[in-house]
Amino acid sequence: MPKHPDTSRQQADVSVRSLLPAGGPIEVANLVDGLGLSDLAGASEDTRPYLVLNMVSTADGRATLSGRSGAIGDSADRALFHGLRTVVDAVMAGAGTVRTEGYRRLVREPSARALRAKRGLAEEPLACIVSGRLALDGQVPLLADPQARVAILTASQASLPPGCQAQVEYVRCVREGRLDLAAALRELRERLGVRTVLCEGGPHLNANLLAASLVDELFLSLAPTLAGGDATSESLRIVTGRDLDPPVAMELIGAHEHHSHLFLRYRVR
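Within strand β13 (residues 261-268), 6 of the 8 residues are buried, which leaves it mostly tucked inside the rest of the structure. Sheet analysis places strand β11 (residues 217-223) next to β13, joined by 6 bridges and oriented antiparallel. Bridge pairing links Glu217 to Arg267 in β13. Across 8 bridges, strand β12 (residues 250-258) lies against β13 in antiparallel orientation. Considered in β13, the bridge of Leu252 is made with Tyr266. In this antiparallel pair of consecutive strands, β12 and β13, the connection spans 2 residues, and His259 shows a positive phi of 50°.

What follows is about empty space enclosed by the protein. Here the structure, examined in full by the defined rule, presents 3 cavities of 30 Å³ or more. The computed volume of the largest cavity comes to approximately 40 Å³. Around the largest cavity, the lining residues are Val91, Met92, Ala93, Val98, Tyr103, Leu106, Ala127, Cys128, Ile129 and Leu142. Elements supplying a minimum of two residues to the lining of the largest cavity: β4 (90-94) and β5 (126-130). Counted by class, the lining of the largest cavity contains 10 nonpolar, no polar and no charged residues.

Another aspect to go through is the confidence of the model for the protein. Averaged over every residue, the pLDDT of the protein is 91; the share at 70 or more is 93%. Taken together, the stretch residues 1-10 has pLDDT below 50 and engages in 36 contacts with residues farther than four places along the chain or on a different chain.

Let us look at the packing of aromatic side chains. All told, the structure shown has 0 aromatic pairs when counted by the stated rule. A cation sits over an aromatic face here: Arg172 above Tyr170, 4.3 Å from the ring centre.

This paragraph deals with the environment of Leu192. Take Leu192: it is sitting in helix α6 (residues 181-192). For the pair Leu192 and Ala151, spaced 41 residues apart in sequence, the C-alpha separation works out to 9.2 Å. Here Leu192 is in contact with Leu126, Ala151, Glu169, Val171 and Glu187, once residues within four sequence places are set aside.

Per the counting criterion, the structure on display carries 13 salt bridges. Between Asp33 and Arg119 there is a salt bridge, and its shortest N-O distance comes to 2.3 Å. Placement of Asp33 in helix α1 (residues 28-33) and of Arg119 in the loop between α5 (110-118) and β5 is noted, with a sequence separation of 86 residues between them. Looking at Arg119, the relative accessible area reads 26%, which means it is partly exposed. Among the salt bridges present, the one from Arg113 reaches Glu123, with a minimum N-O distance of 3.4 Å. Here the residue Arg113 occupies a position in helix α5, and Glu123 occupies one in the loop between α5 and β5, the gap between them amounting to 10 residues. One salt-bridge network, in which partners are shared between bridges, spans Arg105, Arg113, Glu123, Glu124 and Asp145.

Scoring rules and cut-offs
Residues numbered from 1 in each chain as written. Predicted model: local features only at pLDDT ≥ 70, side-chain atom pairs only at ≥ 80, totals over all residues. Heavy atoms only, no water. Buried < 20%, exposed > 50% of the residue type's maximum accessible area, 1.4 Å probe, protein only. Helix = DSSP H or I, 4+ residues; strand = E, 2+ residues; numbered from the N terminus. Pairing = 2+ DSSP bridges. 1 Å grid on protein atoms, 1.4 Å probe; cavity = no way out; pocket = protein on both sides within 12 Å on 5 of 7 lines; lining within 4 Å. Points joined across faces, edges and corners; volume = space filled by probe spheres on them. Nonpolar A, V, L, I, M, F, W, Y, C, P; charged D, E, K, R; others polar. pLDDT = per-residue confidence, 0-100. Contact = heavy atoms within 4.5 Å. Phe/Tyr/Trp six-rings, centres within 6.5 Å; stacked < 30°, edge-to-face > 60°. Lys NZ or Arg CZ within 6 Å of the ring centre and 35° of its normal. Salt bridge = Lys/Arg side-chain N within 4 Å of Asp/Glu carboxyl O.

Quick look at the structure:
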């Protein structure tokens, strides 16, 4: 999913057309309000947080153009991107995505922070960075911000370099020498009180989460664009890496449209 500039003030001005369930226009802000992610987390018997993936793709499956994803979406995609950040406890991304997309503070607009507080959430979601080897430095804008709240999910016993100014918690969960994502998510819930997680990629992290049966929903913004190209690091799909065996089945539970862009909500079975 693209790293968009903060457009949360404009969310109320963007409407999409409801296809499933059938209906008329609905503002993105109201669409996000009606998702009920906190209720779904409360009803779940899992000891881990309720986790949703949010990704954008061209019609032929490309998740990036020239190595980044920002050029794929439209104004409704940007509004949804920021809107989803206002209804979850934590936002997760892989270290590569954080570096490439230049992640900063997750919710910077005062009105969006106030909206989160009104919903009973912290003013800003916890930023969760997945880095098995802790391949990060303080030059990432998010980590250089002393007001940022960050959790590092890693198998490494190392710590971030001195240049890091963010408020950092480490979630160190190792299994057979690698990061144990399932255990790390359980610790996020038990130790840090995280009930809902929005994962913004990248594709390798998505694959690992799906392979471990840790994903509850997928939000997919599908752009009316064909990009072509071969499957390389410059033209990733939304899930990249080893084959999912068996393939992950999903159920379409929502669909909306804006200027031929489709916004699809799937429940992962």
